[in-house]
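# Reading the structure
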Amino acid sequence: MRRGSRGGADAAGTTVRFAGLGQRLPQRGRPTWAWGDPGQRAPPALPRAPPGSALCHGSRLDTMGTGSRGEARRPGRGGHGAGPVAAPGHPGSSGLGPGRAASLEGPGQGTAAGGPEAEARGGRVAMAAAGSGIPTGLMAAAAAAGGAALWRRLSAWLPRGRLGLAALLGRLSDRLSRGRDRRARRSSWLLLAPLLTPPVPVITAPPCLLCPEGAHRFQWIRNLVPEFGISSSHVKVLSSPAEFYELLKVQIKTAKQRVVMASLYLGTGLLEQELVDCLEETLEKSLQAKGSSNLRVSILLDYTRGSRGRKNSRTMLIPLLQRFPDQVRVSLFHTPNLRGLLRLLIPERFNETIGLQHIKVYLFDDNVILSGANLSDLYFTNRQDRYVLLQDSPEIADFFTELVDAIGDVSLQLQRDDTVQMMEGMVHPYQGDKTAYCEIANQRVMEVINSARTRQELLHAKTFHSSRQGSSLLSQQGSQASGGLKPEPDTWIYPLIQMKPFGIQIDEMVTETLLTEAERDARIYLTTGYFNLTQAYMDLILGTRAEYRILLASPEVNGFFGAKGVAGAIPAAYVYIEHQFYSEVCYLHQQERVQLQEYSRAGWTFHAKGLWLYLAGSNLPCLTLIGSPNFGYRSVHRDLEAQVAIVTENTALQQQLHQEQEQLYLCSGVVSSSTFEQPNRYVKLWVKLVTPLIKNFF
C-alpha cells in the first residue's frame, strides 16, 4: 500500500480510498456550511477560471462552489494518487476511473465539513479495550451497567419514605449510563480518523507543462484563495522583536505611496510614540516634496481594545488625523456580536472576549510584513513572536491593502474630535441589523478574495499560456521595462482568511485539511502562545498519523502571568487545559508521536503562533503558516484573523524557516507527567470548575 494513502489494499493491490473525515458526525441543530452569506447552507461559487488559465497546471478543484445538486465541496490533498470525488450524494461519487483509486464515502456523509462549528467530534479512543481484546463498546457498556447497579444497591439501603432521594439516585444512574454509552460511541469514531479523511479534491485538468511552478502538492489551496508566485529571494524571515521594530521604522520612513497597518491595538508608550512620529515625519516630507502628497496612511485597529483607558490607541492617532485629514484614515472594527444589553453590562476589558479585530499586517508600498505581533512596546522588546517580510511583492501588497480597506469600510471611522461614525450608507455594527451588517461585510471581503483570485488566474494565463511569440514579446517588454527578466517563482503565498462572524472560514478549512492530509512520518511543528485548541484540531492531532511537536507557553511566559484580578488566573487555566490534553495523549499511548514542549525564557513572554510542515523523509520544511490565528476557539469562531501559507521549493528559504523553528524550540523543555507535579502548576479547584465554562472566551 502506498505511503500516505488512506485505506487498505486487497490481494490484487487495488487501493481503496476513504473520503470523509471532513464529513463530520451529524450535529443536531447545526447548519452544514457557513461559507458565504450568513445563513447560507452552501458556499457561494467562486468565479471559474477562463479556458487555458491557471487551473491548467494541477489545480485540484474546479470551483469552490456547489455540485450540480448544490452539494458543498471541500478541499483535500493534492499530490499523488488523488482521485476525483464528487460531493456526498452526487452521482458517481465513488470516483472510479481509469487508473484511479476507488473512493468510499465515510459515515456521516450527509454533513459537509465546513459547518459553523467545524469541529470533528471524534471523542476518545478506549485503548484499554484494544489492549485487552475486548470490544470498546462492550467494555464501556459493562462499566455503565456496573455504575447503574451500584446506584440501585445504594438506593435499596435507603429508609422507606425517601422516594425523592431514591428518584434522584435513579436519575444519576441513568445519566451515568447514557454518558458512558455516548463516550463509548464517540471513541470508536476516533479509531477511524486516519481513514475518514476529507473528500479528495476534483482534478479538473492534468498538470500544465508550461508552468514553471509545476504542480506542487498544496496547489489545491489556490481554488479557495489567490495564489501569488514569487521568488524566494523576496522572502526574509526575522527572528527578534528588536529587528521587527527597527524594520517598521525604516519602512515607514522610506514609504512613498502607502502605509497600511492592521493590528489589535497601538500601545501608548515611548516606542509606540516614536512610530507615530515616524509617520508624521514621512507625511510632512511627502507634502513638502510635491505640495500635494500621494502618500496614504490607513490604520485598522479593534474598537474595544483600542478604546481601553483614558490614554489609548485613539488618543495616540488623533494628532495625525488633525494634521493630515486627507491622507490618514483610522478604522476601528467593532464586532457585531457585542450589542444591546450585553454591550451595556460587560465592563471594559471583559468586552474584548466577545470578538476582536485580530489581523496583524504591516505593509509599506510593495513590502509586506506578516506577523502575530501587535504595535506595542512589549512586542518590540521582549515578547517573542514570528515575522516574515515579503519584499517587492505588489500583488500581495494590493491584496492586503484591499482587505484592510474592506474591513475598514464596515468599521467605525475615528474623527478628529475623538468621536466615531460609520461611512455613509453603511449598516452600524451594533446599532443596525446584525444579519444585514454581516451580509455586507461578507460581500466586501469575498469580493476582495474573488477579484484577486481572478486577477492572478488571468495573470498566470497571460504569462505562461500565450503563444510562444506572444510569450517572447512579453518577456522582451518585461526586460526593457525592468532591466531584466523576472525570476521564475519557486515560492507561493496563499492568504488564508478566517472571519466566522461573517461566515468566512477559509483558514479553518485549510488548516484542518493540512492536519488531516499529513502523511505518516511527516512532522508538524505547531506553536501557539495560548494553548486552547479547538476540538476539531485536537481530534485530528490525536487521530492522524503525522508526528507533532507542539510548542506552547509555560505559565511564567504567558502574557497574563502576574495580571491583576481574574485575569491573573488565566495562566492556571491554560495549565489545566494543557494537562487535560497531555492526559489524553498518554491515555492513547501517543507520547512518542505527539509531544508537548513549553517555551521558557527568563524576562520574556511568548506569543509565537503558526506551524511548519516537514514531509516524510525531509529535514527541511516545505510549508509554513504565519499570521494572527492561535488555533483556538476564539481564532476560529469569534475574531477576525488572517495568515499566509508559504510554500517553497527553494532550499535556502526552507533553511531559513527551519532555523526559525529550531531557534524557538531551543528555548523549550519537553512536557512529562512530572511537569504537572511542580508547585507552580497547582491549579485551584475553582479554576478547574470555571475553565470549561469560559475556555471559549480566551
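Nothing here was measured: the structure is a model prediction, and the numbers come from that model. (Residues numbered from 1 in each chain as written. Predicted model: local features only at pLDDT ≥ 70, side-chain atom pairs only at ≥ 80, totals over all residues. Heavy atoms only, no water.)

### Structural notes on the packing of helix α14 (residues 535-543) against helix α15 (residues 570-587)
Contact geometry of α14 with α15 gives a least axis separation of 11 Å together with a crossing angle of 30°. When the axis of α14 is compared with that of α15, the two are roughly parallel. By crossing handedness, the relation of α14 to α15 is classed as right-handed. Facing M538, I541 and L542 of α14, the residues of α15 in contact are F581, E584 and V585. Its residues placed into classes, the contact of α14 with α15 shows 5 nonpolar, no polar and 1 charged. (Axes fitted to C-alpha atoms, helices over the stretch in contact; angles between N-to-C directions. Helix = DSSP H or I, 4+ residues; strand = E, 2+ residues; numbered from the N terminus. Parallel < 35°, antiparallel > 145°, perpendicular 65-115°, else oblique. Left-handed = near helix turned anticlockwise from the far one by under 90°. Contact = heavy atoms within 4.5 Å. Nonpolar A, V, L, I, M, F, W, Y, C, P; charged D, E, K, R; others polar.)

### Some remarks on the UniProt feature "domain: PLD phosphodiesterase" (unreviewed entry) in the protein
The positions UniProt marks with the feature "domain: PLD phosphodiesterase" (unreviewed entry) are residues 353-379. The straight-line gap between the two end C-alpha atoms of residues 353-379 is 21 Å; of that span, 11% is helix and 33% is strand. (UniProt positions renumbered as here; feature names shortened; annotations may be inferred.)

### A few points about the environment of M426
Its location among the elements puts M426 in the loop between β13 (420-421) and α11 (434-464). The sequence separation of M426 and I440 amounts to 14 residues, and the corresponding C-alpha distance is 8.5 Å. With near-sequence residues (within four places) excluded, M426 lies in contact with D409, V410, I440 and R444.

### Comments concerning the nonpolar core
In this structure, F400, M499, I550 and F581 are the most contacted members of the largest nonpolar core, which totals 159 residues. For this core, the leading source of residues is α15, giving 11 residues. In contact with F581, other than residues within four places in its own chain, are F531, M538, I541, L542, I550, V594 and L596. (Core = buried A, V, L, I, M, F, W, Y, C linked by side-chain atoms within 4.5 Å. Buried < 20%, exposed > 50% of the residue type's maximum accessible area, 1.4 Å probe, protein only.)

### Some remarks on the pattern of salt bridges
In the structure shown here, the tally under the stated rule is 21 salt bridges. The salt bridge partner of R258 is D398, with a shortest N-O separation of 2.9 Å. Taken together, the residues span a long stretch of sequence, with R258 in strand β5 (residues 258-262) and D398 in helix α10 (residues 394-409) at a distance of 140 residues. Each of the salt bridges in this network shares a partner with another, and the network as a whole consists of R329, D405, D409 and R444. (Salt bridge = Lys/Arg side-chain N within 4 Å of Asp/Glu carboxyl O.)

### Topic: the side chain of T675
Locating T675 in the fold gives a position in the loop between β23 (668-670) and α18 (685-694). Discounting residues that sit within four places of it in the chain, T675 has contacts with E598, V670 and R681.

### Overview of a nonpolar patch on the surface
Residues L341, L344 and L345 make up a contiguous nonpolar surface patch of roughly 380 Å² in combined accessible area. Checked against the element boundaries, L345 lands in helix α8 (residues 340-345). Exposure remark for L345: the relative accessible area of 61% places this residue in the exposed category. (Patch = residues over 30% accessible without salt bridge, like charges linked within 9 Å, V, L, I, M, F, W, Y side chains within 5 Å. Areas by Shrake-Rupley, 256 points an atom, 1.4 Å probe, with all protein chains shown as cover.)

### Notes on the sheet that holds strand β9 (residues 367-371)
Spatially, β4-β11-β9-β8-β5-β6-β7-β12-β13 is the arrangement adopted by the 9 strands of the open sheet, whose pairing is mixed. Looking at the sheet topology across the chains shown, the edges are occupied by β4 (235-238) and β13. Examined bridge by bridge, β4 and strand β11 (residues 387-390) share 4 bridges and lie antiparallel to one another. Looking at β11, one finds that L238 is bridged to Y387. With respect to the sheet, α10 is in contact with β5, β6 (296-302), β7 (328-333), β8 (361-364), β9, β11 and β12 (412-414), its orientation differing from that of β5 by roughly 60°. Sitting on the sheet, helix α17 (residues 651-665) touches β4 and β11, and the angle it makes with β4 is about 15°. (Pairing = 2+ DSSP bridges.)

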